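# Tertiary structure, described
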Amino acid sequence: MRGRTARTVSVLASGVAALTLLSATGAQAEGRGDIRVTKTVVNGGNNVIVGTTKRVTYPIAITIRDNSGVKGLSHVSVFNKTNGWGFSDWVDTRCEKKSSTTSVCTATMTIAPAWLPDSLPDDVNHTAGTWQVNATVKANDGDYWISDHIAEFKMKRASKLTTDATPEPVAKGAQLTVTGKLSRANWEDLAYHGLAGQDVKLQFKKAGAAHYSTVKTVKTGQAGKLSTKVTAASAGNWRWYFPGTTTTARVVSGGDAVSLK
């Protein structure tokens, strides 16, 4: 499958968060000669995360081997593994020779959120999830290999999370109310909307401590709102942590410092 890329792919967001890729083992491929893709890594093994305004650029490092040496890439495309739609442009390639038979060719891919609302006939948000990489590689002796599904990675919608703890300061042993909101990028209207029905962890870091610990898990309500009560036993920082989903990026809110009176 070569994918139904909605934008024209030229001979070719910043992504953050976490996922490594598969190598060429088991990929469907065809071509001529002994040239092969031996390894592919997308975005350094991280998820590609796209929001509503910032252009995202990410690398695909493809290790290629041939007895005559590697000439380069003649095609790279990425798209949703399930529905075949994609919206990344291939804008550049640089090949680094590792030996007489092996090179690493890095394709630079880019996404501008402004493209997204009109990029597909269907809701573009449906393209979030697991994506695959296809590539055609060429050798110095004319060998070539058309490699489908040489890697997988996650293309995710960016998310935001806020925290507010009140009252501040609070009496020791009194009730503290911690609220917040989880929202997610909508690629159709390029705005963030509240995300309901998600488990979010409330975390606390005691004053002077190095790390946060999870106190409880709370589910987001209507419009992604969060609210819970806890007992204020110590001064410190409160925050929310959302681990993310297959289609939505993980996010940690800023900490809200609360002192005791």
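Residues numbered from 1 in each chain as written. Predicted model: local features only at pLDDT ≥ 70, side-chain atom pairs only at ≥ 80, totals over all residues. Heavy atoms only, no water.

### Quick notes on the pairing of strand β11 (residues 144-157)
Using the following cut-off: To sort residues, take the accessible area from a 1.4 Å probe on protein chains only and compare it with the maximum for the residue type: under 20% means buried, over 50% means exposed, and anything in between is partly exposed. Here a strand is any run of E in DSSP of at least two residues, a helix any run of H or I of at least four, and the numbering for each starts at the N terminus. DSSP-based pairing: two strands are paired if at least 2 bridges between them are found.
Most of β11 is tucked away, with 11 of its 14 residues classed as buried. Relative to β11, strand β10 (residues 129-139) runs antiparallel, the two being bridged by 9 bridges. Its bridge partner lying in β11, valine 137 is registered against tryptophan 145. In textbook terms, the turn of a hairpin is the stretch between consecutive antiparallel strands, and for β10 and β11 this stretch comprises 4 residues, one of which, glycine 142, has a positive phi near 95°.

### Here's the deal with the packing of aromatic side chains
The cut-off we apply is this: For this analysis, a ring pair means two rings from Phe, Tyr or Trp (six-membered ring only for Trp) whose centres lie within 6.5 Å, classed as stacked if their planes differ by under 30 degrees, edge-to-face if by over 60, and tilted for the remaining angles. Look at NZ for Lys and CZ for Arg. If either is within 6 Å of the ring centre and within 35 degrees of the ring normal, a charge sits over the ring.
Tallied over the entire structure, the rule returns 5 aromatic pairs. Taken together, a centroid distance of 5.1 Å and an interplanar angle of 65° make the contact between phenylalanine 87 and tryptophan 131 edge-to-face. In this pair, phenylalanine 87 is assigned in the loop between β7 (85-86) and β8 (89-97) and tryptophan 131 in strand β10, connecting sequence segments 44 residues apart. In this structure, phenylalanine 87 and tryptophan 131 share a single accessibility class: buried. Ring geometry for tryptophan 131 versus phenylalanine 153: centroids 6.0 Å apart, planes at 55°, classification tilted. Here tryptophan 131, found in strand β10, pairs with phenylalanine 153, found in strand β11; they are 22 residues apart in sequence, far enough to count as distant. Phenylalanine 153 matches tryptophan 131 in its accessibility class, with the two residues each being buried. Taken together, Tyr58, Phe87, Trp131, Phe153 and Trp187 form an aromatic cluster joined through their ring pairs. Directly above the aromatic system of tyrosine 192 lies the positively charged group of lysine 160, at a separation of 4.2 Å from the ring centroid.

### Quick look at a negative patch on the surface
The following threshold applies: To count toward a patch, a residue needs a relative accessible area above 30% and no salt bridge. Like charges then connect within 9 Å, nonpolar side chains (Val, Leu, Ile, Met, Phe, Trp, Tyr) within 5 Å. Reported accessibility uses the Shrake-Rupley method at a 1.4 Å probe radius. Residues are deemed covered only where the shown protein chains occlude them. Definition used for salt bridges: Asp or Glu carboxyl oxygen within 4 Å of a side-chain nitrogen of Lys or Arg. Just so you know, the count uses Lys and Arg for positive and Asp and Glu for negative, and it drops His and the chain ends. To locate a charge, take atom NZ for lysine, CZ for arginine, CG for aspartate or CD for glutamate.
Side chains of Asp118, Asp122, Glu188 and Asp189 sit close together on the surface and give a patch of like negative charge. Structurally, the position occupied by aspartate 118 is in the loop between β9 (102-111) and β10. Overall, the relative accessible area of 73% leaves aspartate 118 in the exposed class.

### Describing the sheet that holds strand β3 (residues 36-42)
As a reminder of what qualifies: A fitted line through C-alpha atoms represents every axis, and for helices the fit uses only the stretch in contact; the resulting angles, taken between N-to-C directions, go from 0 to 180 degrees.
Spatially, 4 strands are ordered β3-β5-β9-β8 in an open sheet, and the strand pairing comes out antiparallel. Two strands lie at the open edges of the sheet, namely β3 and β8, each paired on one side alone. Adjacent strand axes in the sheet meet at a mean angle of 20° when their direction is disregarded.

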